[in-house]
Amino acid sequence: DAQESRGLGDVYKRQTMNAAVEVLQSSHQHINRDRLWQSLMALAKLGATVKGGVCRLALTDLDRQARDLFVKWCEEAGCTVTVDGIGNIFARRPGRNPQLPPVMTGSHIDTQPTGGKFDGCFGVLAGLEVLRTLNDLKLETEAPLEVVVWTNEEGSRFPPCMMGSGVFAEKFTLQDTLAKTDVDGISVGEALNAIGYAGTRPVSGHPVGAYFEAHIEQGPILEDERKTIGIVLGALGQKWFDLKLRGVEAHAGPTPMHLRKDALVGAAAVVAAVNRAALGHQPHACGTVGCLQAYPGSRNVIPGEVRMTLDFRHLEPARLDSMIAEVRQVIDNTCEEHGLSFELTPTADFPPLYFDPVCVDAVRGAAQGLGLSHMDIVSGAGHDAIFVAELGPAGMIFVPCEGGISHNEIENADPDDLAAGCAVLLRAMLAASQAIAQRQA
């Protein structure tokens, strides 16, 4: 009887693998485009703004409602749902071999204060749609599949950004993260308890067979190149600084130009240097002064102090450092020229990341197999995939967003593009599941 049972199991296993191969070799997308879109629109109602966007900050009651809806949908799809100590939600669809590490996908459902319907949410609901599609196809994967909602990716309410995936990857400690507070003094731990998502699953030590994250591009390249799928090779390294320039405030009328110590004149030289350094280190270089405040802020007073932020990004570490060195030299020179002093304080350091070549090839193969226009691209923004990539093979899939606009209430994406990205995700996850099973065989 045991031998006969093993024989039937082998037959079923072959049938399951053959069904997966048929999906992988088919040019049919399989994805229910309308169901995916309707789910996105239903989620967008929670925190909807009058301008058509979404304001759903992390660990608020609106976030709880969105989490509850996601959990409901996943349980209806036959998933087991668990929550860890930082509030990350894991919806697991079992595989034939529960001992295999899961193929994971996901993103976040918290938003910016004036956010859109698709940033993060598309990655989560594309993962759910993959599971629903596999149910429709009655297809069992070898490895388990998991869809994850990462807590507080945006960092709008609580610092830092990418909080949940950072704790999962042990970049941040749970204790320190739970103690972080918002502007009202409410801690992450208190907020998690208030919405009922302080889970019991351990936050770290979980195997990652592979991780894929689908996302709107948040930039204009795909739309400009008229490509449907962005095959993400990696993510730009990021180094951020706070710069404070100090001069002497003085009356704007009686003080001759050659005797001034104008901090804003020095700041202008730095702004130009940041822009010049980024333009001089293409491709993939970005340099931004996102915040600049001049003090005391009176029209007839020479600014005696300027505070500004510097944001440098590049895919190559050496060129990232070169950009910073060039700007640092300008800071030294302009302070000497104008009689200023300065403080330069590092505030963030994310090294450049190349995604796993096997995952990148799985995304490329899926796009090619579906006959979708595609191109290689690099992520200029931070994503949860960057942290998860330190635990296992990872890759990302980009789809266009209208005008390249994101973190904005008018953020928009085409339903066909979203469905295409989801179809690529389906095939990439199936391919990863089979590869994991073959490695364990």
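Look a little higher up for the structure.
Description of the structure in this document. Everything quoted here is computed from the prediction, not taken from an experiment.

## Some words on the overall build of the protein
And then number 1: Scanning the protein for helices and strands turns up 13 helices and 14 strands.
And then number 2: The globule rule puts the C-alpha radius of gyration for 441 residues at 22 Å, and the 25 Å found for the protein is close to it.
And then number 3: The principal-axis extents of the C-alpha atoms in the protein amount to approximately 100 × 45 × 40 Å.
And then number 4: Across the 441 residues of the protein, 50% fall into the buried class.
And then number 5: Considering only contacts in the protein between residues 6 or more positions apart, those separated by 24 or more positions represent 79%.
And then number 6: Total accessible area on the protein stands at roughly 19100 Å², and carbon and sulfur atoms take up 51% of it.
And then number 7: Side-chain charges in the protein split into 37 positive and 54 negative, and the spacing between the mean points of these groups amounts to 1 Å.

## Some thoughts on empty space enclosed by the protein
And then number 1: As enumerated under the stated definition, the model contains 4 cavities of 30 Å³ or more in all.
And then number 2: By volume, the second largest cavity amounts to about 50 Å³.
And then number 3: In this structure, the second largest cavity is lined by M162, A235, L236, Q238, F350, P351, L353, G382 and I386.
And then number 4: Its residues assigned to classes, the lining of the second largest cavity shows 7 nonpolar, 2 polar and no charged.

## Some thoughts on the side chain of T133
And then number 1: Here T133 is to be found in helix α4 (residues 121–137).
And then number 2: Other than its neighbours up to four places away in sequence, T133 contacts H30, I31, R35 and L426.

## With respect to the pattern of salt bridges
And then number 1: On inspection of all chains with the given rule, the structure shows 20 salt bridges.
And then number 2: The closest approach of N and O atoms between R33 and D416, which form a salt bridge, is 2.6 Å. In this pair, R33 sits in helix α2 (residues 33–44) while D416 sits in helix α13 (residues 415–440), placing the two residues 383 residues apart along the sequence.
And then number 3: A residue is classified by how much of its surface remains accessible, and D416, at 44% relative accessible area, is partly exposed.
And then number 4: Between K239 and D321 there is a salt bridge; the shortest N-O distance is 2.9 Å. Taken together, the residues K239 in strand β7 (residues 237–246) and D321 in helix α10 (residues 317–338) connect sequence positions 82 residues apart.
And then number 5: D321 gets classed as partly exposed once you look at its relative accessible area, which sits at 38%.
And then number 6: It is possible to trace a salt-bridge network through shared partners that takes in R246, E305, R307 and E343.

## Considering the side chain of T141
And then number 1: Mapped onto the fold, T141 is located in the loop between α4 and β4 (145–149).
And then number 2: Of note is the side chain of T141, whose polar atom sits 2.6 Å from the backbone oxygen of A143.
And then number 3: If we ignore the near neighbours within four places in the chain, the residues touching T141 are R93, P94, G95, R96, L134, L430 and S433.

## Digging into the packing of helix α11 (residues 357–369) against α13
And then number 1: The contact between α11 and α13 brings their axes to 8 Å, and the two run at 125 degrees. When the axis of α11 is compared with that of α13, the two are oblique. Every pair of crossing elements has a handedness; the one defined by α11 and α13 is right-handed. Here A362, V363, A366 and A367 of α11 come into contact with α13, specifically with V424, R427 and A428.
And then number 2: Split by residue class, the contact of α11 with α13 holds 6 nonpolar, no polar and 1 charged.

## Observations concerning the environment of G116
And then number 1: With respect to the helices, strands and loops of the structure, G116 is situated in the loop between β3 (103–107) and α4.
And then number 2: Residue classification places G116 among the buried residues on the basis of a relative accessible area of 4%.
And then number 3: Sequence separation of G116 and K51 is 65 residues, and the distance between their C-alpha atoms is 9.8 Å.
And then number 4: In this view, G116 contacts G53, V54, T111, N408 and E411; residues no more than four positions away in its chain are not counted.

Each value, and the rule that gives it
Residues numbered from 1 in each chain as written. Predicted model: local features only at pLDDT ≥ 70, side-chain atom pairs only at ≥ 80, totals over all residues. Heavy atoms only, no water. Helix = DSSP H or I, 4+ residues; strand = E, 2+ residues; numbered from the N terminus. Rg over C-alpha atoms; globule rule 2.2 N^0.38 Å. Buried < 20%, exposed > 50% of the residue type's maximum accessible area, 1.4 Å probe, protein only. Contact = heavy atoms within 4.5 Å. Areas by Shrake-Rupley, 256 points an atom, 1.4 Å probe, with all protein chains shown as cover. Lys, Arg positive; Asp, Glu negative; His and termini not counted. Charge placed at Lys NZ, Arg CZ, Asp CG, Glu CD. 1 Å grid on protein atoms, 1.4 Å probe; cavity = no way out; pocket = protein on both sides within 12 Å on 5 of 7 lines; lining within 4 Å. Points joined across faces, edges and corners; volume = space filled by probe spheres on them. Nonpolar A, V, L, I, M, F, W, Y, C, P; charged D, E, K, R; others polar. Salt bridge = Lys/Arg side-chain N within 4 Å of Asp/Glu carboxyl O. Polar contact = N/O pair within 3.5 Å; in protein donor to acceptor, adjacent residues only side chain to side chain. Axes fitted to C-alpha atoms, helices over the stretch in contact; angles between N-to-C directions. Parallel < 35°, antiparallel > 145°, perpendicular 65-115°, else oblique. Left-handed = near helix turned anticlockwise from the far one by under 90°.

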